[in-house]
Amino acid sequence: ATFSRAGFVGSQRAPLHWAGDENSTWDAFRHSILAGLSVGISGIPFWGWDFGGFSGEIPSAELYLRAAAMAVFCPVFQYHSEYNAHRAPSHDRTPWNIAERTGDARVLPRFRDLCALRQKLMPYIWREAQHSAATGEPMMRALQLWHAEASPYQYYFGRDLLVCPVVEEGALVWTGYLPPGRWTLMEGDEVFEGGGAITVTTPLGVIPVFAREGTALE
């Protein structure tokens, strides 16, 4: 098997795992990130999850877009939902159903931007996936392994991107930790000197992601 949902000792033989049937809540979002970082520490190099949740009521537009923005920077970028026999209202986690059910006109254009960003990153993702396969290093690596002062939700995606998921409802600014060095904010192109905490604005559907100086993404 190459794709597994659950396991025990020896699960590393299935190199790609998925997080399972989480609910569409902010708490489940936070726990899903921690699960993904934990499996990486346990020797599983590739991980994904049903962003925005799988079970129960659909997520809010805000939660869906925050989760999708984080999932762009995962080895697997996917949505999925439990079957409800095509009854109305639909529980599908498709962006068009979330847009229709929530009435939020920002969902589709922002999701389109996130898909374009994912496509732009594919050369980097492929390169880093090859590195993970060759070395055993997980593609998602918890920043706290190197910097205890970082948030438990921050992680490296590959060797040169630092991801700071926004995991609280209503947050329009977000504080994270930057390791020493020069880092460029991917959306905004602002350059930061690392070695401490930084705070940036976080419009809906945008999360702070920093590229290490000299990183080639294409």
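Calculation rules
Residues numbered from 1 in each chain as written. Predicted model: local features only at pLDDT ≥ 70, side-chain atom pairs only at ≥ 80, totals over all residues. Heavy atoms only, no water. Helix = DSSP H or I, 4+ residues; strand = E, 2+ residues; numbered from the N terminus. Rg over C-alpha atoms; globule rule 2.2 N^0.38 Å. Buried < 20%, exposed > 50% of the residue type's maximum accessible area, 1.4 Å probe, protein only. Contact = heavy atoms within 4.5 Å. Areas by Shrake-Rupley, 256 points an atom, 1.4 Å probe, with all protein chains shown as cover. Lys, Arg positive; Asp, Glu negative; His and termini not counted. Charge placed at Lys NZ, Arg CZ, Asp CG, Glu CD. Polar contact = N/O pair within 3.5 Å; in protein donor to acceptor, adjacent residues only side chain to side chain. Patch = residues over 30% accessible without salt bridge, like charges linked within 9 Å, V, L, I, M, F, W, Y side chains within 5 Å. Salt bridge = Lys/Arg side-chain N within 4 Å of Asp/Glu carboxyl O. Expected span 1.5 Å × (residues − 1).

### Re the overall build of the protein
Part 1: Within the protein one finds 4 helices and 11 strands.
Part 2: On C-alpha atoms alone, the protein measures out to a radius of gyration of 17 Å, which is about the 17 Å that the 2.2 N^0.38 rule sets for 218 residues.
Part 3: By principal-axis analysis of the C-alpha atoms, the protein measures approximately 50 × 40 × 30 Å.
Part 4: Taking all 218 residues of the protein together, the buried fraction comes to 51%.
Part 5: Taking the contacts inside the protein whose residues are at least 6 apart along the sequence as the reference set, 64% of them involve residues at least 24 apart.
Part 6: Looking at the protein as shown, the accessible area adds up to about 10,300 Å², and 56% of this sits on carbon and sulfur atoms.
Part 7: Charged side chains of the protein number 17 positive and 23 negative; the gap between the two group centres comes to 4 Å.

### Some remarks on the environment of Asp50
Part 1: In this fold, Asp50 is placed in the loop between strand E3 (46–48) and helix H2 (61–71).
Part 2: Taking relative accessible area as the criterion, Asp50 reaches 0% and is therefore assigned buried.
Part 3: For the pair formed by Asp50 and Asn23, sequence separation is 27 residues and the distance between their alpha carbons is 9.6 Å.
Part 4: At 2.7 Å, the side chain of Asp50 and the side chain of Gln78 are in polar contact.

### Quick notes on a nonpolar patch on the surface
Part 1: A cluster of nonpolar side chains, Ile41, Leu145 and Trp146, forms an exposed patch at the surface whose accessible area comes to about 350 Å².
Part 2: Note on placement: Leu145 falls in the loop between strand E4 (140–142) and strand E5 (155–157).

### What about the pattern of salt bridges?
Part 1: Under the criterion given, the structure shown has 10 salt bridges.
Part 2: Residue Arg30 pairs with Glu168 through a salt bridge whose shortest N-O separation is 3.7 Å. With Arg30 in helix H1 (residues 26–41) and Glu168 in the loop between strand E6 (161–163) and strand E7 (173–178), the pair connects residues that are 138 residues apart, well separated along the chain.
Part 3: In this structure Glu168 comes out as partly exposed when scored by relative accessible area, which is 40%.
Part 4: One salt bridge connects Arg159 with Glu128, and the closest N-O pair in it is separated by 3.0 Å.

### As for H1
Part 1: For H1, built from 16 residues, the straight-helix expectation of 22 Å at 1.5 Å per residue is met to within 8% by its first-to-last C-alpha distance of 23 Å.
Part 2: Buried within H1 are the following residues: Trp26, Ala28, Phe29, Arg30, Ser32, Ile33, Gly36, Leu37 and Gly40.
Part 3: If you follow the buried residues of H1, they end up packed against E3, H2, E4 and E5.
Part 4: Gly43, located one to two residues past H1, shows a positive phi value of around 100°.

### Considerations on the side chain of Arg93
Part 1: Along the chain, Arg93 falls in the loop between H2 and helix H3 (95–102).
Part 2: Relative accessible area serves as the criterion here: at 1%, Arg93 is assigned to the buried category.

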